[in-house]
Amino acid sequence: MPYDSTDREIMRFLQGDIPLESRPYQSLAEKIELSEEEILLRLKKLREKGLLRRMGAVLRHRQAGFAVNAMVAWKLENEEEADQAGKIMAGYKEISHCYIREVPPDFDYSVFSMIHVKNEEHLAEIIEEISLQTGIRKYIIIRSSRELKKESMQYF
Amino acid sequence: MKEMNELSRTDREILNVLQADFPLTSQPYRDIAEKMNLDEEEVIARIRVMKNSGLIRRIGGIMDARSLGFYSTLCACKVPEERIDAVAGIINRQKGVTHNYIRDHEFNLWFTLTAPTKDEAMQILQSLQSDAGIEVISMPAKQVYKIKVSFEMSDPDAL
């Protein structure tokens, strides 16, 4: 296990919304009887180890001005295209997530990208550009029509 | 609801720092304020407004499921229109389901599941399938090329 029970307590605190006050770690420090310095040291180690990917604010896309949030799934002609396609897509600032997924035979679009833009025109432009760059011509835009749940993972 | 175009330059700058450069210090808002030549109280007050408006969902840590040893997968299913709400209710009640969307596709319900182990995830999917009377396809990532959910806010024209 790359973390101990104290790290776990710290991550339990971090996975929620930390208090919006001058010293946000003070209440945690009192609760787990550790100094703020020690907590911050552990926080930095968690980040170095990659367990903590990022510390800070999580925004709501739509309210942040990104009206179009589309999942685009791409169909590879051959598996060798996968790596290059993943790298090209990762380079786009409008793309937040890019994965190659294991997919069943009845859904063979294995490259997934989440694209966030201001408007439909921009989405069409980006898709066309990616298609040209990667040579992948088959894709589907899987739009969401209703959000039924969205929350941060509660690991602990 | 306060939208981005109503936000001042100062708010945008604060949002950028909060997303990309949150100080790992005991008084992060004081340190942000110092860099921006503002008072700590003002920075906190501005953040409070943006939280209350819903623009900021939360401030905290974003953990990496894989590094923590957790298993996560993207799931999709075909649900008859009239059963969507009932099925969604069952899925949403499940711990570890963090996102769930109705999507415009033959597979019309898409959700993510994160669990401590692959076995646990598979068991959860089994019981969701039998409880909801649906067939679920599971599409775990084989290769991750990018996970980055922060948005550059400083350029008003980009919005």
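Computed from a predicted structure; not experimentally measured.

Asks: How would you sum up the overall build of chain A? Please name residues and give values.
Replies: Counting secondary structure elements, chain A contains five helices and six strands. Ordered by position from N to C terminus, the α and β elements of chain A give α-α-α-β-β-α-β-β-α-β-β. A globule of 156 residues ought to have a C-alpha radius of gyration of about 15 Å, yet chain A, at 20 Å, is considerably larger. Taken along the three principal axes of its C-alpha coordinates, chain A extends 55 × 35 × 25 Å. Here the analysis covers contacts within chain A between residues at least 6 apart in sequence; of these, 60% occur between residues at least 24 apart. For chain A, the exposed area adds up to about 7,800 Å²; of that, 47% sits on carbon and sulfur atoms. Averaging the locations of the 24 positively and 27 negatively charged side chains of chain A gives two centres separated by 3 Å.

Asks: Describe the interface of chain A and chain B, naming the residues involved and giving the relevant values.
Replies: With 76 residues of chain A at the interface, the matching set in chain B holds 74 residues. Taken over both partners, the interface formed by chain A and chain B buries close to 7,600 Å², and the fraction arising from carbon and sulfur atoms is 58%. Contact with chain B buries area across many residues of chain A, yet A:Leu20, A:Gln63 and A:Tyr155 alone supply 11% of it, more than any other trio. The tally of links between chain A and chain B comes to four salt bridges.

Asks: Before we move on, can you summarise the domain arrangement of chain B with the specific residues and values?
Replies: According to the domain assignment, chain B consists of domain 1 (4–61) and domain 2 (71–140). Between the C-alpha centres of domain 1 of chain B and domain 2 of chain B there is a distance of 36 Å.

Asks: How would you sum up helix α3 (residues 40–52) of chain B? Please name residues and give values.
Replies: All names here are of chain B. The end-to-end C-alpha separation of α3 is 18 Å, in line with the 18 Å expected for 13 residues at 1.5 Å each. Of the surrounding elements, those touching the buried residues of α3 are α1 (9–20), α2 (28–36) and β1 (56–63). Phi turns positive, to about 95°, at Gly54, one or two residues after α3.

Asks: Outline the nonpolar core, supporting the account with residue identities and numerical values.
Replies: Counting residues in each nonpolar core, the largest one holds 49 residues, and the members touching the most others are A:Leu14, A:Tyr25, B:Leu18 and B:Tyr29. Of all the elements in the fold, those that place two or more residues in this core are α1 (5–14), α2 (26–32), α3 (36–48) and β1 (52–59) of chain A together with α1, α2, α3 and β1 of chain B. Once residues lying within four places of it in the same chain are set aside, the contact partners of B:Leu18 are A:Arg54, A:Met55, A:Gly56, A:Ala57, B:Tyr29, B:Ile32, B:Ile47, B:Ile56 and B:Ile59. A:Val68, A:Leu76, A:Ala82 and A:Ile95 belong to the second largest nonpolar core, which has 22 residues in total.

About the cut-offs
Residues numbered from 1 in each chain as written. Chains lettered and ligands numbered in written order. Predicted model: local features only at pLDDT ≥ 70, side-chain atom pairs only at ≥ 80, totals over all residues. Heavy atoms only, no water. Helix = DSSP H or I, 4+ residues; strand = E, 2+ residues; numbered from the N terminus. Rg over C-alpha atoms; globule rule 2.2 N^0.38 Å. Contact = heavy atoms within 4.5 Å. Areas by Shrake-Rupley, 256 points an atom, 1.4 Å probe, with all protein chains shown as cover. Lys, Arg positive; Asp, Glu negative; His and termini not counted. Charge placed at Lys NZ, Arg CZ, Asp CG, Glu CD. Buried area = accessible area lost by both parts, 1.4 Å probe. Salt bridge = Lys/Arg side-chain N within 4 Å of Asp/Glu carboxyl O. Domains from an automatic or database assignment. Expected span 1.5 Å × (residues − 1). Core = buried A, V, L, I, M, F, W, Y, C linked by side-chain atoms within 4.5 Å. Buried < 20%, exposed > 50% of the residue type's maximum accessible area, 1.4 Å probe, protein only.

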